[in-house]
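# Report on the structure
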Amino acid sequence: MTEASVQALCYSRLGLKLRSLSPPSIQSELRLVSQAWREGDLSGADLRVENLLRRHPNRADVQFAKGMIVMAQGDKAAALGWLSTSLETQPDNPEALGWAATLSLNLKNPEKAETFARRLTTVDTNNARAHYLLACALRDLDRIEEAISAIDSSLAIEPDDPDRLVLKARLLNSWRLPALAVEFYKRAMEIRPTPAAAIDLAQILLRESHPEEALEMLQRVSPLMQESVRPFDLIARAYTELQQFEAADSHWSLAEQFSPDRPAVLRSRAKAEIAAGRFEVAEALLAEGMEDDLEAPAGFLLLATVRKMKRDDLPLIERMQSLLAKGGLSRKHAVDLNFGLGKSFDDLGEYETAIGFFDEANRIGYELDPKLASLGRDEARAFTDFQIDYFTRERIHE
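To start, this report covers the structure provided alongside it. Keep in mind it's a predicted model, so treat the numbers as computed, not measured.

About the thresholds
Residues numbered from 1 in each chain as written. Predicted model: local features only at pLDDT ≥ 70, side-chain atom pairs only at ≥ 80, totals over all residues. Heavy atoms only, no water. Helix = DSSP H or I, 4+ residues; strand = E, 2+ residues; numbered from the N terminus. Buried < 20%, exposed > 50% of the residue type's maximum accessible area, 1.4 Å probe, protein only. Contact = heavy atoms within 4.5 Å. Salt bridge = Lys/Arg side-chain N within 4 Å of Asp/Glu carboxyl O. Expected span 1.5 Å × (residues − 1). Arc of directions from axis to C-beta. Phe/Tyr/Trp six-rings, centres within 6.5 Å; stacked < 30°, edge-to-face > 60°. Lys NZ or Arg CZ within 6 Å of the ring centre and 35° of its normal. Polar contact = N/O pair within 3.5 Å; in protein donor to acceptor, adjacent residues only side chain to side chain. Axes fitted to C-alpha atoms, helices over the stretch in contact; angles between N-to-C directions. Parallel < 35°, antiparallel > 145°, perpendicular 65-115°, else oblique. Left-handed = near helix turned anticlockwise from the far one by under 90°. Nonpolar A, V, L, I, M, F, W, Y, C, P; charged D, E, K, R; others polar.

If you tally the helices and strands in the chain, you get 23 helices and zero strands. Sorting the 398 residues of the chain into buried and exposed places 47% on the buried side. Once local pairs closer than 6 in sequence are excluded, the contacts in the chain between residues at least 24 apart make up 51%.

Glancing now at the pattern of salt bridges. According to the stated counting rule, one finds 23 salt bridges in the structure shown. We note a salt bridge from lysine 186 to glutamate 213, for which the minimum N-O separation is 2.8 Å. Taken together, the residues span a long stretch of sequence, with lysine 186 in helix 11 (residues 178-191) and glutamate 213 in helix 13 (residues 211-221) at a distance of 27 residues. Judged by relative accessible area, which is 33%, lysine 186 ranks as partly exposed. We classify glutamate 213 as partly exposed; its relative accessible area is 31%. Between glutamate 256 and arginine 262 there is a salt bridge, with the nearest N and O atoms lying 2.9 Å from each other. Its relative accessible area of 23% is what places glutamate 256 among the partly exposed residues. Within this structure, Glu114, Arg118, Arg143 and Glu146 form a network of salt bridges that share partners.

Next up on the list: helix 19 (residues 314-326). The terminal C-alpha atoms of helix 19 lie 18 Å apart, and with 13 residues this matches the ideal 18 Å at 1.5 Å per residue to within 8%. If you check which residues of helix 19 are buried, you get Leu316, Ile317, Met320 and Leu323. Down the axis of helix 19, the buried set is contained in an arc of 115°. They therefore lie on one face. Seen from the buried face of helix 19, the exposed residues on the opposite side, beyond 90 degrees, are Pro315, Ala325 and Lys326. Glycine 327 sits one or two positions beyond helix 19 and adopts a positive phi of about 75°.

Residue arginine 176 is not a glycine yet carries a positive backbone phi of 65°. For arginine 176, the location among the structural elements is in the loop between helix 10 (162-174) and helix 11. For glutamine 243, which is not a glycine, the phi torsion comes out positive at approximately 60°. With respect to the secondary-structure elements, glutamine 243 resides in the loop between helix 14 (232-241) and helix 15 (245-258).

The description of an aromatic ring pair rests on the distance of the ring centres and on the angle between the ring planes. Taken as a whole, this structure holds three aromatic pairs when the rule is applied. For the ring pair phenylalanine 232 and phenylalanine 258, a centre distance of 5.8 Å and an interplane angle of 20° mean the geometry is stacked. Residue phenylalanine 232 is located in helix 14, and its partner phenylalanine 258 is located in helix 15; the two are separated by 26 residues in the primary sequence. Residues phenylalanine 345 and phenylalanine 357 carry aromatic rings whose centres are separated by 5.7 Å and whose planes lie at 10° to one another, so their mutual orientation is stacked. In this pair, phenylalanine 345 sits in helix 20 (residues 331-347) while phenylalanine 357 sits in helix 21 (residues 351-368), placing the two residues 12 residues apart along the sequence. Both residues of the pair, phenylalanine 345 and phenylalanine 357, count as buried. Its end group placed over the ring of tyrosine 132, arginine 164 keeps NZ or CZ at 5.5 Å from the ring centre. Arginine 278 extends its terminal NZ or CZ atom over the ring of phenylalanine 245, reaching a point 3.8 Å from the ring centre.

Position of serine 104 relative to the elements: it lies in helix 6 (residues 94-106). Residue serine 104 is classed as buried on the basis of its relative accessible area, which comes to 0%. Those residues in contact with serine 104 that lie beyond four places of it in its chain are Leu80, Asn109, Lys112, Ala113 and Phe116.

On to helix 6. Between its first and last C-alpha, helix 6 extends 18 Å over 13 residues, near the 18 Å set by a 1.5 Å rise per residue. In terms of residue burial, helix 6 counts as a mostly covered element, since 11 of its 13 residues are buried. Residues of helix 6 that are buried: Glu95, Ala96, Leu97, Gly98, Trp99, Ala100, Ala101, Thr102, Leu103, Ser104 and Leu105. Taking the backbone nitrogen of glutamate 95 as reference, a side-chain oxygen 3.0 Å away marks asparagine 93 as the first, capping residue of helix 6. Lysine 108 occupies a position one or two residues after helix 6 and carries a positive phi of about 60°.

Relative to the helices and strands, glutamine 90 is located in the loop between helix 5 (76-89) and helix 6. Along the backbone, glutamine 90 and arginine 59 are 31 residues apart, and their C-alpha atoms lie at a distance of 9.3 Å.

This part takes up the packing of helix 8 (residues 128-140) against helix 9 (residues 144-157). Where helix 8 meets helix 9, the closest approach of the two axes is 8 Å, and the angle between their N-to-C directions is 165°. With respect to helix 9, the element helix 8 is oriented roughly antiparallel. Handedness of the helix 8/helix 9 crossing: left-handed. Counted together, Ala128, His131, Tyr132, Leu134, Ala135, Leu138 and Arg139 of helix 8 and Ile144, Glu146, Ala147, Ala150, Ile151, Ser153, Ser154 and Ile157 of helix 9 form the full contact between these two elements. Of the residues assigned to the contact of helix 8 with helix 9, the class counts are 10 nonpolar, three polar and two charged.

Structure representation (structure tokens):
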């Protein structure tokens, strides 16, 4: 929702609440507030509300009006404070609950958002947006199953809302149900094509080895986007996997030009080149990326995967060991680095050292995904082999 649409909605909501809740004298004052606001005079509207607050500091409708004005001025935290204060007096005000939940989500406070949204679902059970806001809060709390239930309630009321269909798709995808997610993305795209939904869908299609369909989806929405934010990397990846390398090269160049993270683009391209069987290209890209980005565990893992490490690579291996020893890595990066080092020492024939790194990668992996903790030692080793096994030329041709 744009700032202009939010402000326009604020105007209408403000007028509605003031007319319905205020006695004639306060209603007259707040009508003037609403008029000033509609005319774009936020300072004048704020001044009038401040005068009202001095005379009626505990009135929920005046506090609500103050919160809406402050939100229009761009101070989301202060706006949430005023709306929360108004809800202490009128806890069942649906407008205040809805905006409080929305602001809490914008302020990265999903706990508060859940409280406000859940209250709204009990106050107005047929409010589709209430269930949508609750689903957003639960998603941000990583309570995916509950979030899916909430978005299902929203879609039961408004089944063709594209924003809610996209949220359902994203929840299904995060729950590792990509096939179902694709269905909901496609439904949303039929109603209103949006770049965000198309990019999400294209990423799934590429992951599921449907580059032609992914490319069609991306080409459909790219003209709707500014050039600087177009998904050139995904378009290039699709072309690469379709082995249309000339078109791919031009889009990889555009991806590097516009991306703020060139090493990430190189890693993405290396993965695509590996999938296309161009191992030498991937190896050269990863080596270049390691020069640009000295702290790149993911790049090192890819390089160790595509290359059989030799004694000449010991300076790089030692640099990665030093990076690991320094600490401070995210758990995901620590897993990548341990797997990469394990593969490297396995290539060098130092198997005991390799096993130590693999075991450490598995230990951290259990923390990232508790489901893996159910694996026994033999199963864990098999999982490790799967993780590192091996896009190398030698193994591909075995």
